[in-house]
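Chain residues, written in single-letter form:
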Amino acid sequence: MFFQVLGSSSSGNCSYLECDGVKAFIDAGLGIKRIRKYLAGRGLDIEDIDAVFVTHEHFDHYASLCYFAAAGTKIYANRGTAECIRYKDSKTKNANWQIFETGQKFDFYGIDVLPFTIPHDTTDPVGYSFTHQGSALTYATDIGKVTNSVQDFARNCSVLVLESNYCPLMLARSNRPPRLKNRISSTSGHLSNADAISLLKALPPVVKKVYLTHVSRECNSVGHIAELLGKSGIDSEMLRRIEIVSPFDAPSSPVEF
Ligand SMILES: [Zn+2]
Ligand SMILES: [Zn+2]
(Lines give C-alpha, C1' and ligand atoms only; values in the text may rest on other atoms or scores of the structure.)
(Ligands and ions follow the chains in the order given, each with its own letter.)
Protein backbone atom coordinates (compact mmCIF):
# COMPACT_ATOMS: atom_id res chain seq x y z
CA MET A 1 0.00 0.00 0.00
CA PHE A 2 1.04 3.57 -0.68
CA PHE A 3 -0.27 6.37 1.51
CA GLN A 4 0.20 10.13 1.73
CA VAL A 5 -1.64 12.99 3.43
CA LEU A 6 -2.26 15.73 0.82
CA GLY A 7 -3.24 18.21 3.48
CA SER A 8 -4.77 18.24 6.94
CA SER A 9 -6.13 21.07 9.06
CA SER A 10 -9.50 22.59 9.92
CA SER A 11 -9.31 24.17 6.45
CA GLY A 12 -9.35 20.84 4.66
CA ASN A 13 -8.50 17.17 4.92
CA CYS A 14 -7.62 14.75 2.16
CA SER A 15 -5.38 11.68 2.04
CA TYR A 16 -4.40 9.37 -0.81
CA LEU A 17 -4.28 5.59 -0.67
CA GLU A 18 -3.13 3.32 -3.48
CA CYS A 19 -3.01 -0.47 -3.39
CA ASP A 20 -2.42 -2.86 -6.30
CA GLY A 21 -3.40 -0.17 -8.81
CA VAL A 22 -6.56 0.79 -6.90
CA LYS A 23 -6.65 4.48 -6.08
CA ALA A 24 -8.70 6.19 -3.40
CA PHE A 25 -8.98 9.28 -1.29
CA ILE A 26 -9.93 9.37 2.33
CA ASP A 27 -12.04 12.53 2.59
CA ALA A 28 -12.05 15.23 -0.08
CA GLY A 29 -12.03 18.39 1.98
CA LEU A 30 -9.23 20.29 0.26
CA GLY A 31 -9.82 22.72 -2.62
CA ILE A 32 -10.11 21.01 -5.97
CA LYS A 33 -7.06 22.87 -7.36
CA ARG A 34 -4.83 21.27 -4.75
CA ILE A 35 -6.34 17.87 -5.34
CA ARG A 36 -5.88 18.17 -9.12
CA LYS A 37 -2.32 19.41 -8.67
CA TYR A 38 -1.48 16.44 -6.48
CA LEU A 39 -3.01 14.03 -8.95
CA ALA A 40 -1.21 15.69 -11.88
CA GLY A 41 2.06 15.12 -9.99
CA ARG A 42 1.26 11.41 -10.07
CA GLY A 43 0.17 11.54 -13.72
CA LEU A 44 -3.48 11.11 -12.73
CA ASP A 45 -6.79 12.92 -13.04
CA ILE A 46 -9.98 12.78 -11.01
CA GLU A 47 -11.42 10.17 -13.37
CA ASP A 48 -8.60 7.78 -12.35
CA ILE A 49 -9.76 7.71 -8.73
CA ASP A 50 -11.77 4.61 -7.85
CA ALA A 51 -13.34 5.86 -4.64
CA VAL A 52 -13.55 8.46 -1.93
CA PHE A 53 -14.08 7.24 1.63
CA VAL A 54 -15.84 9.90 3.67
CA THR A 55 -15.47 10.11 7.44
CA HIS A 56 -18.21 12.65 8.30
CA GLU A 57 -20.19 15.62 7.05
CA HIS A 58 -18.02 18.55 8.17
CA PHE A 59 -17.07 20.84 5.28
CA ASP A 60 -13.32 20.36 5.84
CA HIS A 61 -13.88 16.71 4.87
CA TYR A 62 -16.18 16.97 1.84
CA ALA A 63 -15.57 20.41 0.23
CA SER A 64 -14.53 18.96 -3.16
CA LEU A 65 -16.71 15.86 -3.09
CA CYS A 66 -19.05 17.35 -5.73
CA TYR A 67 -16.26 17.05 -8.34
CA PHE A 68 -16.00 13.33 -7.65
CA ALA A 69 -19.78 13.10 -7.76
CA ALA A 70 -19.69 14.65 -11.24
CA ALA A 71 -17.01 12.17 -12.33
CA GLY A 72 -19.10 9.21 -11.16
CA THR A 73 -16.47 8.15 -8.60
CA LYS A 74 -17.71 5.68 -5.98
CA ILE A 75 -18.29 7.56 -2.74
CA TYR A 76 -18.31 5.42 0.37
CA ALA A 77 -20.14 6.62 3.48
CA ASN A 78 -22.73 5.40 5.92
CA ARG A 79 -26.33 6.46 5.36
CA GLY A 80 -26.37 9.23 7.97
CA THR A 81 -23.25 10.91 6.59
CA ALA A 82 -24.37 10.53 2.96
CA GLU A 83 -27.78 12.03 3.66
CA CYS A 84 -26.31 15.03 5.46
CA ILE A 85 -23.82 15.74 2.65
CA ARG A 86 -26.51 15.32 -0.03
CA TYR A 87 -28.62 17.85 1.87
CA LYS A 88 -25.75 20.30 2.40
CA ASP A 89 -24.40 20.09 -1.16
CA SER A 90 -27.06 19.30 -3.76
CA LYS A 91 -24.34 18.61 -6.36
CA THR A 92 -23.68 15.35 -4.53
CA LYS A 93 -27.32 14.23 -4.66
CA ASN A 94 -26.86 11.93 -7.63
CA ALA A 95 -23.35 10.82 -6.78
CA ASN A 96 -22.38 7.17 -7.02
CA TRP A 97 -22.96 6.64 -3.31
CA GLN A 98 -21.86 3.31 -1.84
CA ILE A 99 -23.60 3.02 1.49
CA PHE A 100 -22.01 0.87 4.20
CA GLU A 101 -22.94 -0.04 7.76
CA THR A 102 -20.61 1.35 10.39
CA GLY A 103 -18.79 -1.52 12.08
CA GLN A 104 -19.29 -3.93 9.15
CA LYS A 105 -16.24 -4.98 7.18
CA PHE A 106 -16.48 -4.95 3.37
CA ASP A 107 -14.25 -5.69 0.41
CA PHE A 108 -12.95 -2.94 -1.86
CA TYR A 109 -11.01 -4.50 -4.77
CA GLY A 110 -9.18 -6.88 -2.43
CA ILE A 111 -8.73 -4.41 0.42
CA ASP A 112 -10.64 -5.13 3.65
CA VAL A 113 -12.31 -1.91 4.75
CA LEU A 114 -13.68 -1.58 8.26
CA PRO A 115 -15.36 1.73 9.18
CA PHE A 116 -15.52 2.17 12.95
CA THR A 117 -17.39 4.62 15.17
CA ILE A 118 -15.52 7.65 16.48
CA PRO A 119 -16.80 10.21 19.00
CA HIS A 120 -17.43 13.46 17.10
CA ASP A 121 -20.36 15.86 16.84
CA THR A 122 -21.84 14.67 13.54
CA THR A 123 -24.50 12.13 12.59
CA ASP A 124 -22.46 8.91 12.34
CA PRO A 125 -18.74 9.76 12.12
CA VAL A 126 -16.24 7.03 11.32
CA GLY A 127 -12.58 6.22 11.26
CA TYR A 128 -11.31 3.59 8.84
CA SER A 129 -9.16 0.51 8.95
CA PHE A 130 -7.81 -0.64 5.55
CA THR A 131 -6.12 -4.04 5.50
CA HIS A 132 -4.34 -5.72 2.61
CA GLN A 133 -2.10 -8.81 2.82
CA GLY A 134 -1.22 -8.29 6.46
CA SER A 135 -0.58 -4.54 6.22
CA ALA A 136 -3.07 -2.16 7.78
CA LEU A 137 -3.74 1.55 7.80
CA THR A 138 -5.79 3.10 10.61
CA TYR A 139 -7.27 6.52 9.93
CA ALA A 140 -8.71 8.33 12.97
CA THR A 141 -9.17 12.10 12.99
CA ASP A 142 -11.88 14.34 14.45
CA ILE A 143 -12.20 12.33 17.64
CA GLY A 144 -13.24 13.86 20.94
CA LYS A 145 -11.55 11.15 22.98
CA VAL A 146 -9.63 7.92 22.54
CA THR A 147 -12.21 5.15 22.76
CA ASN A 148 -11.38 1.46 23.20
CA SER A 149 -11.96 0.80 19.51
CA VAL A 150 -9.74 3.74 18.44
CA GLN A 151 -7.06 2.34 20.72
CA ASP A 152 -7.46 -1.19 19.33
CA PHE A 153 -7.23 -0.05 15.70
CA ALA A 154 -4.29 2.22 16.52
CA ARG A 155 -2.36 -0.61 18.15
CA ASN A 156 -3.01 -3.10 15.37
CA CYS A 157 -1.85 -1.34 12.24
CA SER A 158 1.30 -0.63 10.28
CA VAL A 159 0.48 3.01 9.60
CA LEU A 160 -1.56 5.23 11.90
CA VAL A 161 -3.14 8.57 11.05
CA LEU A 162 -4.17 10.23 14.28
CA GLU A 163 -5.46 13.67 15.13
CA SER A 164 -3.46 15.93 17.48
CA ASN A 165 -5.68 18.97 17.24
CA TYR A 166 -5.12 21.43 20.04
CA CYS A 167 -3.15 22.61 23.03
CA PRO A 168 -5.66 23.29 25.86
CA LEU A 169 -3.78 26.40 27.00
CA MET A 170 -3.59 27.92 23.51
CA LEU A 171 -7.28 27.10 23.01
CA ALA A 172 -8.21 28.79 26.30
CA ARG A 173 -6.18 31.88 25.40
CA SER A 174 -7.53 32.09 21.85
CA ASN A 175 -10.16 34.57 20.71
CA ARG A 176 -12.60 31.82 19.89
CA PRO A 177 -16.10 32.15 21.36
CA PRO A 178 -16.69 30.11 24.55
CA ARG A 179 -19.20 27.88 22.76
CA LEU A 180 -16.61 26.88 20.15
CA LYS A 181 -13.95 26.33 22.82
CA ASN A 182 -16.33 24.01 24.66
CA ARG A 183 -17.18 22.19 21.44
CA ILE A 184 -13.55 21.57 20.49
CA SER A 185 -12.51 20.34 23.93
CA SER A 186 -15.61 18.20 24.54
CA THR A 187 -15.49 14.41 24.25
CA SER A 188 -17.27 14.70 20.89
CA GLY A 189 -14.99 17.44 19.59
CA HIS A 190 -11.30 17.13 18.81
CA LEU A 191 -8.30 15.37 20.34
CA SER A 192 -5.82 17.32 22.47
CA ASN A 193 -2.06 16.86 22.13
CA ALA A 194 -1.92 15.18 25.55
CA ASP A 195 -4.59 12.61 24.61
CA ALA A 196 -2.90 11.88 21.29
CA ILE A 197 0.50 11.46 22.94
CA SER A 198 -0.81 9.17 25.67
CA LEU A 199 -2.13 6.89 22.92
CA LEU A 200 1.25 7.02 21.13
CA LYS A 201 3.00 5.96 24.33
CA ALA A 202 1.09 2.67 24.25
CA LEU A 203 1.87 1.79 20.62
CA PRO A 204 3.62 -1.53 19.94
CA PRO A 205 6.58 -1.81 17.50
CA VAL A 206 4.30 -3.19 14.72
CA VAL A 207 3.28 0.44 14.08
CA LYS A 208 5.90 1.57 11.58
CA LYS A 209 4.67 5.09 10.84
CA VAL A 210 2.45 7.62 12.59
CA TYR A 211 1.07 10.80 11.08
CA LEU A 212 -0.20 13.40 13.53
CA THR A 213 -2.80 15.43 11.65
CA HIS A 214 -5.62 17.99 11.87
CA VAL A 215 -3.26 20.29 13.80
CA SER A 216 -5.07 23.54 14.66
CA ARG A 217 -3.49 26.60 13.05
CA GLU A 218 -4.52 28.92 15.89
CA CYS A 219 -4.48 26.66 18.93
CA ASN A 220 -1.47 24.45 18.27
CA SER A 221 1.78 24.26 16.35
CA VAL A 222 4.10 21.65 14.90
CA GLY A 223 6.90 22.97 17.13
CA HIS A 224 4.80 22.68 20.26
CA ILE A 225 3.80 19.08 19.51
CA ALA A 226 7.45 18.22 18.75
CA GLU A 227 8.45 19.68 22.12
CA LEU A 228 5.78 17.64 23.93
CA LEU A 229 6.84 14.48 22.11
CA GLY A 230 10.45 15.10 23.13
CA LYS A 231 9.41 15.23 26.78
CA SER A 232 6.90 12.37 26.56
CA GLY A 233 9.20 9.48 27.38
CA ILE A 234 8.40 7.79 24.04
CA ASP A 235 11.51 5.89 22.96
CA SER A 236 13.69 7.33 20.22
CA GLU A 237 12.86 4.55 17.74
CA MET A 238 9.12 5.31 17.96
CA LEU A 239 9.80 9.08 17.89
CA ARG A 240 11.54 8.65 14.52
CA ARG A 241 8.38 7.02 13.18
CA ILE A 242 6.14 9.97 14.11
CA GLU A 243 5.57 12.72 11.56
CA ILE A 244 3.65 15.88 12.46
CA VAL A 245 1.80 17.08 9.36
CA SER A 246 1.95 20.85 8.98
CA PRO A 247 -1.50 22.49 8.87
CA PHE A 248 -0.17 25.03 6.36
CA ASP A 249 -0.88 23.44 2.99
CA ALA A 250 1.95 20.96 2.95
CA PRO A 251 1.61 17.27 2.07
CA SER A 252 3.19 14.69 4.34
CA SER A 253 5.97 12.43 3.25
CA PRO A 254 4.66 9.31 1.51
CA VAL A 255 4.88 5.83 2.98
CA GLU A 256 4.88 2.40 1.34
CA PHE A 257 4.02 -0.55 3.52
ZN1 LIG B 1 -12.23 18.07 10.57
ZN1 LIG C 1 -15.20 17.24 12.04
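Right above here is the structure, for reference.
This is a predicted model, so every value here is computed, not measured. (Residues numbered from 1 in each chain as written. Chains lettered and ligands numbered in written order. Predicted model: local features only at pLDDT ≥ 70, side-chain atom pairs only at ≥ 80, totals over all residues.)

Chemist: Which parts of the structure should I look at to understand the overall build of the chain?
Modeler: The helix and strand tally for the chain stands at 10 helices and 14 strands. Its C-alpha atoms give the chain a radius of gyration of 17 Å, near enough to 18 Å, the size a compact globule of 257 residues would have. Counting every position in the chain, which comprises 257 residues, the buried fraction comes to 45%. Sequence-distant contacts in the chain: of pairs separated by 6 or more residues, those separated by 24 or more amount to 61%. (Helix = DSSP H or I, 4+ residues; strand = E, 2+ residues; numbered from the N terminus. Rg over C-alpha atoms; globule rule 2.2 N^0.38 Å. Buried ≥ 20, exposed ≤ 12 C-beta atoms within 10 Å, placed from the backbone. Contact = placed C-beta atoms within 7 Å.)

Chemist: Help me understand the nonpolar core, please; the structure alone is not making it clear to me.
Modeler: Taken as a class, soluble globular proteins show a tendency for nonpolar side chains to be buried jointly. Residues Val52, Leu65, Ile75, Leu137, Ala140, Leu162 and Leu212 are the most contacted members of the largest nonpolar core, which totals 66 residues. Discounting chain neighbours no more than four positions away, the residues touching Val52 are Ala24, Phe25, Ala28, Leu65, Phe68, Thr73 and Ile75. (Core = buried A, V, L, I, M, F, W, Y, C linked by C-beta atoms within 7 Å.)

Chemist: Before we go on, may I ask you to explain the environment of Thr73 in this structure?
Modeler: Considering the arrangement of structural elements, one finds Thr73 in the loop between helix H3 (65–71) and strand S5 (74–78). Along the backbone, Thr73 and Thr117 are 44 residues apart, and their C-alpha atoms lie at a distance of 24 Å.

Chemist: Help me understand the sheet that holds strand S11 (residues 159–163) in this model?
Modeler: Strands pair in a sheet through their backbones, by hydrogen bonds, and they do so in one of two ways: parallel or antiparallel. Overall, mixed pairing links the seven strands, which are arranged S7-S8-S9-S10-S11-S12-S13 in an open sheet. Because the sheet does not close on itself, it has two edges, and the strands there are strand S7 (106–108) and strand S13 (242–244). Strand after strand, the sheet turns through a mean of 20 degrees between neighbouring axes, direction not considered. Across four bridges, the pairing between strand S10 (residues 135–140) and S11 is parallel. Residue pairing in the sheet places Thr138 in a bridge with Leu160 of S11. (Pairing = 2+ DSSP bridges. Axes fitted to C-alpha atoms, helices over the stretch in contact; angles between N-to-C directions.)

Chemist: What should I look at first to understand the environment of Tyr62 in this one?
Modeler: Among the structural elements, Tyr62 can be located in helix H2 (residues 59–62). Remark: the alpha-carbon pair of Tyr62 and Asn13, spanning 49 residues in sequence, is separated by 8.3 Å. In contact with Tyr62, other than residues within four places in its own chain, are Ala28, Gly29, Val54, Glu57 and Ile85.

Chemist: I keep staring at unusual backbone geometry and nothing clicks. Help me out?
Modeler: Negative phi is the rule for most residues except glycine; trans is the rule for most peptide bonds. In the Ramachandran plot, Asp20 falls in the positive-phi region, its phi being about 50 degrees despite a non-glycine side chain. Among the secondary structure elements, Asp20 is positioned in the loop between strand S2 (12–19) and strand S3 (22–26). In this structure, Tyr109 takes a positive phi of about 50 degrees despite not being glycine. Here Tyr109 shows up in the loop between S7 and strand S8 (111–117). Of the residues examined, Tyr109 has 14 C-beta atoms within 10 Å and is grouped as partly exposed.

Chemist: Sorry if this is basic, but what is going on with the sheet that holds strand S4 (residues 51–53) here?
Modeler: Ordered by their spatial adjacency, seven strands build an open sheet running S6-S5-S4-S3-S2-S1-S14, and the pairing between neighbours is mixed. The open sheet has two edge strands with one neighbour each: strand S6 (96–100) and strand S14 (255–256). As paired strands, S5 and S6 are joined by five bridges and run parallel to one another. Bridged to Tyr76 within S6 is Gln98.

Chemist: Teacher, can you tell me more about helix H5 (residues 148–155) here?
Modeler: One turn of an α-helix holds 3.6 residues; hence residues three or four places apart share an orientation. Along H5, the residues classified as buried are Val150, Phe153 and Ala154. Along H5, the residues classed as buried sweep out an arc of 100 degrees about the axis, all on the same side. The inward-facing, buried residues of H5 contact S8, strand S9 (126–132), S10, S11 and helix H8 (193–201). (Arc of directions from axis to C-beta.)

Chemist: Looking at this structure, I do not really get the environment of Gly29. What am I missing?
Modeler: By secondary structure assignment, the location of Gly29 is in the loop between S3 and helix H1 (32–41). Using a count of 25 C-beta atoms within 10 Å as the deciding quantity, one classes Gly29 as buried. Those residues in contact with Gly29 that sit more than four places away from it in its chain are Gly12, Asn13, Cys14, Phe59, Asp60, His61, Tyr62 and Ala63.

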